[in-house]
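Letter by letter, the chains look like this.
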Amino acid sequence: MTIRPKRFGTESTILYAAVLAMALSVPAYSLDIEAGAFFGNLGLPWAGESPMAEAVYPANLWLYGGRAAFAEDLGDGFSLVAEYETDTVLRNIVRGIVTYETGIASISAGPMVGAFNSVASPLKAGINIGFKLEAPGIAFFSAKAESSMGAGLAAAGDYSQELSELSAGWYVYNAICSVSMITKRYTRIVSTGDPLVDGSTNYLFSVDVHQKGAPYRVFAELGYRSMTRTYSDSTADGLGAVVLGATVSAILNPRLTLVAGLDSGVYVFGTGLLAGRSPAATSFIFQASLGCVIKLIDVE
């Protein structure tokens, strides 16, 4: 069975290459270095090519990874983010995204590369595009899409990564409220030659609370997350989770900000083949993270 992910033409490749070249020609305005790591069990494990056999979903299937990035304000409306990220569904990704902002609109584009997720395909090229419309201080809407490029999936070890995100928000006193939907899909060909699809869908309501001059910022969210692993016969292991999370940013000094977060599955249950085999009531299903932002350059 051959699965063909969405392909992009040479026009798209030329477009984001041109945008990147123009942006890099602008003198630097500021540079931030971001680094962090996460650990937890809020998600299906990466390993496994057949349905799970445990009578109760085990809470010791750990997921862990991190993120390292630099963000540069290039001036004249251009900014650049280059990052490596471990995602609980999409695995390892490297991105280089250029954003151009003018007036109420901004657009972003750049390459993404699946990195060392498979011995057969150590690097998997793709593209990331997005846009945002904003009435400053009133409301905003944004959309983002990301997808691998290339030929269809046929041999064991081939894979593709897909991401889509829609968000809408509004401003209130000292806070930004938003609703969003995020879908992720990781398709791989296993040793039997069959496709295996890991996916998640998130429906979130979030509040970003901040006050001008305060050294702290709190980002809280409440939502529902569906996580599935679909096998070649269309059956699926799955988990559904009501997730409550919070991330706190603390400015320790003008150059260093500490960021800590915790997402907790306040109610987690099995779906599909895992129906009736939910995690034990005493299990703590969570994802914890810790990171920092270092400001290296700040030139007026």
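Okay, the overall build of the protein chain next. Helix and strand counts for the protein chain stand at one helix and 14 strands. Considering the protein chain as a whole, with its 300 residues, one finds that 41% of them fall into the buried category. Taking contacts inside the protein chain between residues at least 6 apart in sequence as the whole, the part at least 24 apart equals 56%. Carbon and sulfur atoms form 65% of the exposed surface of the protein chain, whose accessible area is close to 15,300 Å².

Turning our eyes to something else, we now look at the pairing of strand E12 (residues 236–253). As judged from the 15 bridges shared by strand E11 (residues 216–230) and E12, these two strands associate in the antiparallel manner. Residue Ala220 lies in a different strand from E12, and its bridge partner there is Ala246. Here E11 folds back onto E12 in antiparallel fashion, the turn holding five residues, of which Ser234 has a positive phi close to 75°. Taken together, the 16 bridges between E12 and strand E13 (residues 256–272) define a ladder with antiparallel strand orientation.

What follows concerns the layout of surface pockets. To find leftover empty space, a probe the size of one water molecule is rolled over the atoms. In this structure, the second largest pocket occupies an estimated 160 Å³ of space. As for the second largest pocket, its lining consists of His210, Gln211, Lys212, Ala214, Pro215, Tyr216, Arg217, Ser249, Ile251 and Thr257. At the level of elements, E11 and E12 are the ones that each hand at least two residues to the lining of the second largest pocket. Partitioned by chemical class, the residues of the lining of the second largest pocket number four nonpolar, four polar and two charged.

Moving on, we get to unusual backbone geometry. Positive phi, normally seen in glycine, also occurs at Asp76, with a value near 55°. Note that Asp76 resides in the loop between strand E2 (63–75) and strand E3 (78–87). Using a relative accessible area of 65% as the deciding quantity, one classes Asp76 as exposed. Positive phi, normally seen in glycine, also occurs at Asn174, with a value near 60°. You can see Asn174 is positioned in the loop between strand E8 (159–172) and strand E9 (175–189).

Let us now look at a nonpolar patch on the surface. A contiguous nonpolar patch, built from Tyr100, Ile107, Phe131, Leu133, Phe141, Leu166, Met181, Tyr203 and Tyr224 and spanning about 790 Å² of accessible area, is present on the exposed surface. With respect to the secondary-structure elements, Tyr224 resides in strand E11. Overall, the relative accessible area of 30% leaves Tyr224 in the partly exposed class.

With 89% of its residues at a pLDDT of 70 or more, the protein chain has an overall mean of 90. In the model of the protein chain, helix H1 (residues 10–24) stands out as the element of lowest mean pLDDT, 41, in contrast to strand E7 (residues 139–148), which has the highest, 98. In the model, residues 1–28 has pLDDT below 50 throughout and makes 42 contacts with residues more than four positions away in sequence or in other chains.

Tallying each qualifying case throughout the model produces 11 aromatic pairs. Taking the centre distance of 4.7 Å and the plane angle of 40° together, the rings of Phe78 and Tyr100 count as tilted. Of this pair, Phe78 sits in strand E3 while Tyr100 sits in strand E4 (residues 91–102), and the two are 22 residues apart along the sequence. Since its relative accessible area comes to 14%, Phe78 is described here as buried. Relative to Phe269, the ring of Tyr224 lies with its centre 6.4 Å away and its plane at 20°, an arrangement referred to as stacked. With Tyr224 in strand E11 and Phe269 in strand E13, this residue pair connects regions lying 45 residues apart in the sequence. According to the relative accessible area criterion, Phe269 is partly exposed, its value standing at 23%.

About the cut-offs
- Residues numbered from 1 in each chain as written.
- Predicted model: local features only at pLDDT ≥ 70, side-chain atom pairs only at ≥ 80, totals over all residues.
- Heavy atoms only, no water.
- Helix = DSSP H or I, 4+ residues; strand = E, 2+ residues; numbered from the N terminus.
- Buried < 20%, exposed > 50% of the residue type's maximum accessible area, 1.4 Å probe, protein only.
- Contact = heavy atoms within 4.5 Å.
- Areas by Shrake-Rupley, 256 points an atom, 1.4 Å probe, with all protein chains shown as cover.
- Pairing = 2+ DSSP bridges.
- 1 Å grid on protein atoms, 1.4 Å probe; cavity = no way out; pocket = protein on both sides within 12 Å on 5 of 7 lines; lining within 4 Å.
- Points joined across faces, edges and corners; volume = space filled by probe spheres on them.
- Nonpolar A, V, L, I, M, F, W, Y, C, P; charged D, E, K, R; others polar.
- Patch = residues over 30% accessible without salt bridge, like charges linked within 9 Å, V, L, I, M, F, W, Y side chains within 5 Å.
- Salt bridge = Lys/Arg side-chain N within 4 Å of Asp/Glu carboxyl O.
- pLDDT = per-residue confidence, 0-100.
- Phe/Tyr/Trp six-rings, centres within 6.5 Å; stacked < 30°, edge-to-face > 60°.

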